[in-house]
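Survey of secondary and tertiary structure
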Amino acid sequence: MYLIVTRAFPPELGGMQSLMWGLTKEMSKNFMIKVFADYQENHKEFDKNENFSIERVGGIKFLRKIRKAQLVNEFLKENKVKGVIADHWKSLELINTDRKKYCLIHGKEINHPKGSFQNKKIIKVLNNTDKVIANSKFTKNLAIDIGVNENKIVVINPGVNPVKELNKKSLEKVESLLKIKTPRLITISRFDKRKNHEKIIMALRNLKQKYPNIVYICVGNGDELENTKYLVKELDLNSQVMFFNDITEDLKDALLAKSDIFVMPSIIHKTSVEGFGIAYVEAAQYGVASLGGKDGGASDAISHDKTGLICDGNDLNEIYSSLDTMIENKKYHVFGKNAKDYVSKFQWEKIIEEYKKILN
C-alpha cells in the first residue's frame, strides 16, 4: 500500500488538483492506495465513486496540517505501508516514519532565497526523503541551486489523460463567436504577473497591423484580470481580445481546439515561476502549437522549433517576432501537427512507468 498525502485534490479545480488526481488514479491501477486530502464541499458525492479510500481533513489551515499529519502518523503505525507520496514539502513536514517518502516539487513553492528561514525548512524536509520528484529539468536545477541533494532528485513530467471527444454544440458556438477571425491566439490560465498577458497584448497591437483579423482569446480569472482589461481598452484592442471566465469545460476545450497558437511566454515574477506548464501539453493534444517562455519548465513541454517556440518573455520584440514567425506562412499548422504526435509521451499510462521505476 502507498499513501498519497495532498493538499490539492478534486473536486477542487486546478492544475495541482488535476496532477494529484491523475497520479492517484493511475497508481490505483497498480497499487493499493489510500489518500489523505483536504476537506472540500461536495466531496462525498465525488469520493464515493472511487475504488480507493479518501480521508478528508477539515479545519483552519494550520490546524488542518497538524491534524492530517497526526492521522497519517497513526495510520502508518497500524498498517503495512510501503511509502508516502506527497504533493508538497509542507504535506511531509510533520510526518514521522521510516517508510519511504517521495515528494513532488513544482517550482514556485521551493523558490525562496538560499539561507532564508523558509529555504532551511524546505531543505530539511526534501533532503530527508527517498526521492524528490521534479516536474521539469528547470525545477530540478532550481532545487539543486537552493540546496537539495542532487542524488535524490528525479525528473518526471506531469501526465495527461487522453482528451475526450469535443462537444458539437460547443464547437458550433465557438465558430459563431469567432467567425472569420484568424489567426487565433489563446491563453488559458490564471491572470497573474508571471503568465505575461500584458506583453502578449502589447505585441498584439503591432501584430494587428499585419494581421487585421487576428484575435486573442483569454480564458481564466485572477488578480491581474482588471489590469489586463484596462490595457486592452487603452490600446484600442477591444475588437481583437475576447475574455472568458466561469465557462464550461466543453466550451473551454472547444475554444482551445479551434485556436492556432497557445500563448504563454511566462516569466519569473518575484518567487513565482512556471515549473512546467501542463497547459502547453493540453494544447498539443488538440494539435495546437505553443509559444512558451525560457524562464521556467516550458522547454520540457514544448520542443523548440518543432511543436512551437521558446522565447524570452521579458523581451517584447522577441514575443512579437516569435508570433510573427509562427503566423507567417501558417507555420503553426506544421508545429501543431508535430505537437499532436509529440504529446503522446505525456500520457499517464507512460508517465506512471517512470514512477514505478523509483517505487520499485
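Everything in this summary refers to the structure shown in the same document.

Let us now look at the pattern of salt bridges. Following the criterion strictly, the structure yields 24 salt bridges and no others. The partner of Lys357 in a salt bridge is Glu354, with the nearest N and O atoms 3.1 Å apart. With Lys357 and Glu354 both in helix H15 (residues 348–359) and three residues apart, this pair spans about one turn of that helix. The exposure class of Glu354 is partly exposed, given its relative accessible area of 32%.

The end-to-end C-alpha distance of helix H8 (residues 197–210), which contains 14 residues, comes to 20 Å, matching closely the 20 Å that a straight helix rising 1.5 Å per residue would cover. The largest bend in H8 amounts to roughly 30° and is located at Leu204. If you check which residues of H8 are buried, you get His197, Ile200, Ile201, Ala203, Leu204 and Leu207. Structurally, H8 contributes buried residues whose contacts are with strand E8 (184–188), strand E9 (215–219), helix H9 (225–234), strand E10 (241–244), strand E11 (261–264) and helix H13 (316–327).

Let us now look at the sheet that holds strand E2 (residues 33–38). The strand order E3-E2-E1-E4-E5-E6-E7 describes an open sheet built from seven strands, whose pairing is parallel. In this open sheet, the two edge strands, each paired with only one partner strand, are strand E3 (53–57) and strand E7 (153–155). On average, each strand axis in the sheet is inclined to that of its neighbour by 20°, with strand direction left out of account. With four bridges joining them, strand E1 (residues 2–6) and strand E4 (residues 83–86) adopt parallel strand pairing. Bridge assignment links Tyr2 to a residue of E4, and that residue is Gly83. Along the sheet face, helix H6 (residues 137–146) touches strand E5 (100–105), strand E6 (131–134) and E7 and points at about 165° away from the line of E7.

So, about unusual backbone geometry. Of note, the amide linkage connecting Pro10 to Pro11 takes the cis form, showing an omega dihedral of 15°. Note on placement: Pro11 falls in the loop between E1 and helix H1 (15–27). Residue Asp305 is not a glycine yet carries a positive backbone phi of 65°. You can see Asp305 is positioned in the loop between helix H12 (298–301) and strand E13 (308–311). Exposure remark for Asp305: the relative accessible area of 45% places this residue in the partly exposed category.

Quick look at helix H5 (residues 117–126) now. Three or more residues of H5 are buried, namely Asn119, Ile122, Ile123, Val125 and Leu126. Summarising the axial view, the buried residues of H5 lie within an arc of 165°, below the 170-degree limit, and thus occupy one face. Exposed positions of H5 whose direction lies more than 90 degrees from the buried face are Phe117, Lys120 and Lys124. Tucked into the core, H5 has its buried residues touching helix H4 (89–92), E5, E6 and H6.

Attention shifts here to the nonpolar core. What tends to happen in soluble globular proteins is that the nonpolar side chains get buried as a cluster. Within the largest apolar cluster, 32 residues are counted, with the highest numbers of intra-cluster contacts made by Ile186, Ile217, Leu255 and Phe262. When residues in this core are grouped by element, the largest group, five residues, is from helix H11 (residues 278–285). Filtering out sequence-adjacent residues up to four positions away, Leu255 remains in contact with Val174, Ile186, Ile217, Val219, Phe244 and Ile247.

Take the sheet that holds strand E12 (residues 289–293) next. Spatial ordering of the open sheet is given by E10-E9-E8-E11-E12-E13, a layout of six strands whose pairing is parallel. Of all the strands in the sheet, just E10 and E13 have a single pairing partner and so form its edges. Here the strands of the sheet are splayed against their neighbours by 20° on average, with no regard to which way each runs. In terms of strand pairing, E8 meets E9 through five bridges, oriented parallel. Looking at the pairing, Arg184 lines up with Val215 of E9. Lying over the sheet, H13 contacts E8, E11, E12 and E13, oriented at roughly 170° with respect to E13.

What counts, and at which threshold
- Residues numbered from 1 in each chain as written.
- Predicted model: local features only at pLDDT ≥ 70, side-chain atom pairs only at ≥ 80, totals over all residues.
- Heavy atoms only, no water.
- Salt bridge = Lys/Arg side-chain N within 4 Å of Asp/Glu carboxyl O.
- Helix = DSSP H or I, 4+ residues; strand = E, 2+ residues; numbered from the N terminus.
- Buried < 20%, exposed > 50% of the residue type's maximum accessible area, 1.4 Å probe, protein only.
- Expected span 1.5 Å × (residues − 1).
- Bend = angle between axes of the 7 residues up to and from the residue.
- Contact = heavy atoms within 4.5 Å.
- Pairing = 2+ DSSP bridges.
- Axes fitted to C-alpha atoms, helices over the stretch in contact; angles between N-to-C directions.
- Arc of directions from axis to C-beta.
- Core = buried A, V, L, I, M, F, W, Y, C linked by side-chain atoms within 4.5 Å.

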